[in-house]
Amino acid sequence: MEALIAIVAVVVMMMIGVPVVFSFAGMTLILSLLYDVDISSLMTTGFWSINSVILVALPLFVMTGYLMQTGGIAKRLVDFVEAMVGRSRTGMGTSMVVACGIFGAISGTASAAVASIGSIMIDPMERHRYSRGYASALLALSSLLGLLIPPSITMILYAVVTRQSVAACFLATVGPGILLMILLSILNAIHVKRHLGGNDAKTPWRQRLAETASTGWKAIPALMLPVIILGGIYGGVFTPTEAAAVAVVYAIPVGLFVYRELDLRKVALAVVEAAKTTGVIMIILVFSFVASRIFTLEGVPQQLTDLLLENFSDPVIILLMVNIFLILIGMIMDDVSVIAIVSPLMVPVMAEIGVDPVHFAAIIGTSVVIGANSPPMAPILFMSCRVGNVGMAGVTRPALYLMAFGAFPVMLVTTYWSPLALYLPRMFGFVQ
């Protein structure tokens, strides 16, 4: 009951506008009072928990995303994808989905994809008769591929909080991410055919081939980023943290000397943005580690496990309840908060019903995709509205359509068909 009171308190504080950092601090204070524990000694535990080399990757990947956005890298990626997919009406929507997937394979963040891809593509999509509301909704769902296609900041946080391999968690979300990309592209094609009168004039294949070759040549420096990052990690050349550092070292000269859209002022701004984002995440993690320690000392995870297993014996029902809970909590919390609070509590429950922690990484990742686009919080959806210059009323219906027939099926398939998440981790030897 005490744990429930603390979690409800942090939710209420967020809903009334208290900053996330102070909401977590308030939750920790409430827990210390309810359980009568010495908060001063536990703060030392929280500090040492974030004293991790793995977490150095966070500011570096955030900085990489900002450098891509301002250094011309994102624009070259979008130009290449548009030429490759085609500049027809259907091709424009598919280009947005694929571009967000490639962007996610470099930056690991959804917000950077919204800002960079959205600012480049929404106006051209409107000229192809897409409504700004639908284009913004598609952007919101597609940008969350950055949480699934590795490297993913969300998966780094999950790995740190649950003491799992970062590389294994990266691989667990590849399958769900690709499946979501395919479904969103299919749903977009259906939308174009039903509501926009089908495709407009298609680009002749010779012209498309020439444009693909031209834009592909210009995009080679940008396309090398995911090759270097993922190839280096899974080729054993460097760790995820070292990969993040290499990404920054590579992105700066590409933006400065190859595309010439980056300058020292923008590099400085990237450092500031990375520091601000990382500072908030680190403080949240400190308080979440303290809260998790209190939960563990008081046996809360075991109590939660016993409660579920006493009332429900079927793992299918338990997993469905977990899915619903993750969606509901994701509607009122951002992805970092969900990972920080829910993961330590749920991993023991998953272990009792035979769900591997790496599999649960994919389950929670696909659930966050839905929660991050569901009001009242819906941070990614609201950001897409701002970038698309459209109100929530115009975005809500298409967003629900894309979630119901795209994101929700991916979550269910990921939850109940473990090979989608575990095939690659097993292939690379991370899971037995």
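Fair warning: this is a prediction, and the values are worked out from it, not measured in the lab. (Residues numbered from 1 in each chain as written. Predicted model: local features only at pLDDT ≥ 70, side-chain atom pairs only at ≥ 80, totals over all residues. Heavy atoms only, no water.)

### Overview of the packing of helix α6 (residues 89–107) against helix α8 (residues 132–143)
Just so we agree on the cut-off: The axes used here are C-alpha line fits, helices contributing only the stretch in contact, and every angle between their N-to-C directions lies in the interval 0 to 180 degrees. By the criteria applied, helices consist of DSSP H or I runs no shorter than four residues and strands consist of E runs no shorter than two, each listed in order from the N terminus. In these notes the angle categories are as follows: under 35 degrees is roughly parallel, over 145 is roughly antiparallel, 65 to 115 is roughly perpendicular, and the rest is oblique. Should the near helix be turned anticlockwise from the far one by less than a right angle, the crossing is termed left-handed; should it be turned clockwise, right-handed. The contact rule is simple, with two residues in contact once any of their heavy atoms fall within 4.5 Å. The residue classification treats Ala, Val, Leu, Ile, Met, Phe, Trp, Tyr, Cys and Pro as nonpolar and Asp, Glu, Lys and Arg as charged. All others, Gly included, are polar.
For the pair α6 and α8, the least separation of the axes is 8 Å and the interaxial angle reads 25 degrees. Judged by the angle between their axes, α6 and α8 are roughly parallel. Crossing handedness for the pair α6 and α8: right-handed. Each of Gly 93, Met 96, Val 97 and Cys 100 in α6 lies in contact with α8, whose residues at this interface are Ala 135, Leu 138, Leu 139, Ser 142 and Ser 143. Along the lines of polarity and charge, the residues of the contact of α6 with α8 split into 6 nonpolar, 3 polar and no charged.

### Observations regarding a nonpolar patch on the surface
Put simply, the rule is: Each patch is built from salt-bridge-free residues with over 30% relative accessible area, joining like charges within 9 Å and nonpolar side chains (Val, Leu, Ile, Met, Phe, Trp, Tyr) within 5 Å. All accessibility values rest on the Shrake-Rupley procedure with a 1.4 Å probe; residue burial counts only the protein chains present in the view. Every case where a carboxyl oxygen of Asp or Glu lies within 4 Å of a side-chain nitrogen of Lys or Arg is listed as a salt bridge. Classification of residues uses two cut-offs on accessible area relative to the type maximum, computed with a 1.4 Å probe and protein chains only: under 20% is buried, over 50% is exposed, and between them is partly exposed.
Together, Val 316, Ile 317, Leu 320, Met 321, Ile 324, Leu 328 and Tyr 416 make up an exposed nonpolar region whose accessible area comes to about 580 Å². Ranked by residue count, the leading element in the nonpolar patch is helix α16 (residues 315–332), at 6 residues. Along the chain, Met 321 turns up in helix α16. The exposure class of Met 321 is partly exposed, given its relative accessible area of 34%.

### A short note on the packing of helix α2 (residues 20–35) against helix α17 (residues 335–352)
Look at α2 against α17: their axes get within 11 Å of each other, and the N-to-C directions meet at 15 degrees. What the angle tells us is that α2 and α17 run roughly parallel. The way α2 lies across α17 gives a crossing that is right-handed. On α17, the residues touching Val 20, Phe 24 and Met 27 of α2 are Ser 337, Ala 340 and Ile 341. Looking at side-chain class alone, the contact of α2 with α17 contains 5 nonpolar, 1 polar and no charged residues.

### Some details on unusual backbone geometry
Look at the link from Pro 150 to Pro 151: it is a cis peptide, with omega at 0 degrees. As for its position among the elements, Pro 151 is in the loop between α8 and α9 (153–162). The phi torsion at Arg 163 lies on the positive side, around 60 degrees, for a residue other than glycine. Summarising the element assignment, Arg 163 is placed in the loop between α9 and α10 (166–172). Phi at Arg 260 is positive, roughly 55 degrees, even though this residue is not glycine.

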